[in-house]
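Here is how the chains run, residue by residue.
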Amino acid sequence: MTPSFSLQPHLDQLHAKAAHTLAFRAQTLEEFAEWQHALRAKLKQLLGIERRHHPSIIAKKLGAVDRGDYTEEKYQLDVDEGVSAPIYLLIPKGTPPPFKPLLVFHGHDPSAQYVLGNYPDTATAREQLARENNYAQAFARAGYLVCVVEQRGFGERLTHDTTSDSFPRSCRHLSFEYLLRGRTLLGERCWDGMCALDYLQTRSDLKQGALGCTGHSGGGTTALWLTALDTRITVSVVAGYFSSFNESILGMPHCECNYVPHILQWAEMGDIAALIAPRPLCLLNGELDPLFPIHAAREQFETVKQAYSLHQASGSCSLSVHDGQHVYHHALAREWFEKNY
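Procedures and definitions
Here the residue numbers are simple positions, counted from 1 along each chain's written sequence. Local features in this predicted model are restricted to residues whose pLDDT is 70 or higher, and side-chain atom pairs enter the listing and the counts only when it is 80 or higher, whereas totals over whole chains, interfaces and linings include all residues. Side-chain numbers come from the whole structure's heavy atoms, not from hydrogens or water. Here a helix means four or more residues in a row that DSSP labels H or I, a strand means two or more in a row labelled E, and each is numbered from the N terminus. Any two residues whose heavy atoms approach within 4.5 Å are treated as being in contact. Throughout, nonpolar core names a set of buried Ala, Val, Leu, Ile, Met, Phe, Trp, Tyr and Cys residues whose side chains join them through atoms within 4.5 Å. Only protein chains enter the area calculation, which uses a 1.4 Å probe; residues under 20% of their type maximum are buried, those over 50% are exposed, and those in between are partly exposed. Two strands form a pair only when DSSP identifies at least two bridges running between them. Fitted lines through C-alpha atoms serve as axes, helices being fitted only where they are in contact, and the angles separating the N-to-C directions of these axes extend from 0 to 180 degrees. Expected span of a helix: the number of residues minus one, times 1.5 Å. The directions considered for the arc are those from the helix axis to the C-beta atoms. The seven residues ending at a residue and the seven starting there each receive a fitted axis; the angle between those axes is the bend at that residue. Throughout this description, the term salt bridge denotes a Lys or Arg side-chain nitrogen within 4 Å of a carboxyl oxygen of Asp or Glu. Only Phe, Tyr and Trp rings take part, Trp by its six-membered ring, and two of them pair if their centres are within 6.5 Å. Stacked means planes under 30 degrees apart, edge-to-face means over 60, and tilted covers everything else. Counting as a charge over the ring demands two things of the Lys NZ or Arg CZ atom: a distance within 6 Å of the ring centre and an angle within 35 degrees of the ring normal. Polar contacts here mean pairs of N or O atoms no more than 3.5 Å apart (in protein, one a potential hydrogen donor and the other a potential acceptor; neighbouring residues in sequence count only if both atoms are side-chain atoms).

Comments concerning the environment of G215
Structurally, G215 can be placed in strand 8 (residues 212–216). Between the alpha carbons of G215 and S236 there is a distance of 9.0 Å; along the sequence they are 21 residues apart. Not counting the four nearest positions on each side in its chain, G215 is found in contact with F105, Y135, G220, A223, V237, V238, A239 and Y328.

Overview of the nonpolar core
Nonpolar side chains in soluble globular proteins generally cluster together in the buried interior. With 70 residues, the main nonpolar core has L103, L224, W225, Y241, F242, L283 and V304 as its most contacted residues. When residues in this core are grouped by element, the largest group, nine residues, is from helix 7 (residues 185–200). Grouped together as the second largest cluster of nonpolar side chains are 26 residues, Y70, L102, F139 and V237 included.

Brief notes about the sheet that holds strand 10 (residues 281–286)
Reading across from one edge, 1-2-3-5-4-8-9-10-11 is the order of the nine strands in this open sheet, with mixed pairing throughout. Looking at strand neighbours, the two that pair on one side only are strand 1 (59–66) and strand 11 (317–322), the edges of this open sheet. In this sheet, neighbouring strand axes are inclined to one another by 20° on average, regardless of whether the strands run parallel or antiparallel. Where strand 8 lies against strand 9 (residues 235–239), five bridges are found, and the strand directions are parallel. Bridged to C213 within strand 9 is S236. Sheet contacts for helix 8 (residues 218–229): strand 4 (101–105), strand 8, strand 9 and strand 10; angle to strand 8, the most-contacted strand, approximately 145°.

Quick notes on helix 2 (residues 29–47)
Here helix 2 is 19 residues long and its end C-alpha atoms lie 26 Å apart, about the 27 Å a rise of 1.5 Å per residue gives. Among the residues making up helix 2, those that are buried are F32, W35, Q36, L39, R40, K42, L43, L46 and L47. The arc that holds every buried residue of helix 2, seen down its axis, measures 170°, which confines them to one face. Across from the buried face of helix 2, at angles greater than 90 degrees, the exposed residues are E30, E34 and H37. Each element contacted by the buried residues of helix 2 is listed here: helix 7, helix 8, helix 10 (263–266), helix 11 (269–274) and helix 12 (294–310). Positive phi shows up at G48, right after helix 2, with a value of about 85°.

Topic: helix 12
With 17 residues, helix 12 should cover 24 Å at 1.5 Å per step; its first-to-last C-alpha distance of 24 Å lies within 8% of that length. In the structure, helix 12 departs most strongly from a straight axis at F301, where the bend amounts to approximately 25°. When helix 12 is considered as a whole, its buried residues turn out to be I294, A296, A297, Q300, F301, T303, V304, A307 and Y308. Elements in contact with the buried residues of helix 12: helix 2, helix 9 (245–249), helix 11, strand 10 and strand 11.

Observations concerning the pattern of salt bridges
On inspection of all chains with the given rule, the structure shows 21 salt bridges. The residue K61 makes a salt bridge to E73 at a minimum N-O spacing of 3.2 Å. Remark: E73 occurs in strand 2 (residues 70–78) and K61 occurs in strand 1; sequence separation between them is 12 residues. We classify K61 as partly exposed; its relative accessible area is 46%. Taking the shortest distance from any N to any O, the salt bridge between E302 and K305 comes out at 3.1 Å. Taken together, the residues E302 and K305, both in helix 12 and three residues apart, mark about one turn of the helix. A cluster of three or more residues bridged by salt bridges with shared partners is formed by R52, E81, R152, R157, R183, E188 and D192.

Thoughts on the packing of aromatic side chains
Evaluation of the coordinates by the stated rule reveals 13 aromatic pairs. An angle of 65° between the planes, with centres 6.1 Å apart, marks the rings of F24 and F32 as edge-to-face. For F24, a relative accessible area of 9% gives the class buried. Judged by its relative accessible area of 2%, F32 is buried. Ring centres 5.7 Å apart and planes at 45° place the aromatic pair Y75 and Y199 in the tilted group. Here the residue Y75 occupies a position in strand 2, and Y199 occupies one in helix 7, the gap between them amounting to 124 residues. Three or more aromatic residues link up through ring pairs in this structure, and these residues are F139, Y144, F337 and Y341. K42 extends its terminal NZ or CZ atom over the ring of W266, reaching a point 4.2 Å from the ring centre. Sitting above the plane of the W191 ring, R52 keeps its charged end 4.5 Å from the centroid.

Some words on the environment of D198
You can see D198 is positioned in helix 7. For D198, a relative accessible area of 12% puts it in the buried group. In sequence terms D198 and H54 are 144 residues apart; their C-alpha atoms lie 8.3 Å from each other. If near-sequence neighbours (up to four positions away) are discounted, D198 is found in contact with H54, I57 and R232. In terms of polar contacts, D198 uses its side chain to reach the side chain of R232, at 2.6 Å.

What follows is the structure in structure tokens.
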């Protein structure tokens, strides 16, 4: 018999034997609190941000553009270690303060401009609007004060080492650079989000005690992990990301920025989402999304439902499935925020 040297059976066996040591198994609220504390601490360690201290809040306004029914302001936000992040505030004109704030993350786009609804040409605009990728703009028009963080590896936040398929990005370089230093690109993106939350909390024109978060695809990645880690976020819509690590992130080619070393030793994606209970959480998926399989999303959502049921808050979590592919869905997301904000 000809020997087989394929490594796939080995990987399948590793998956079957995965311990998921900190998987959600709580039966009481006391057990939930202990589990939540332990898994949050472990995630911060795996992301490489467990010893970080928030810097003094320094946000410098760089300019403003009148966009008709809202004003788009650009800021330079200090996120520590000599690093600045460009953030954009979309401030509605027709709605008086205090505004409901939304922290928004873009996905694998050339820059934050895409969720802002600012496109280089009509063909790009037509394509992006068909995917409802202008969700930051849409929420500003709906009366929310929107804060968009340009994610590391895109737009103005590149390194000298970029890859370019359809546009330049530095995800690969940053991912491997951070990994060799015991950090992760996802952790750095979450850190930038935490610093943006620090800044938003200094503003006097925002509704106090409430803060929403959303993102799609790579933005959904940051939105899910950040919401799980930071309880200042009170309601979240995670679009085009929720599935399982095994069926999606490991099941097909994905960007290097999706990988967090050792995560499957401790938890699956449903466990991370369960950390958010009982805060309102909408997981927004496309029935035909080829990148984040819906059957795995439904499987992982069972864990989320158990966590919310334990809190007697089953109505505060939702797997909202639209009939499209890998796209945002304004109507479902806005419905969730209006219901839970």
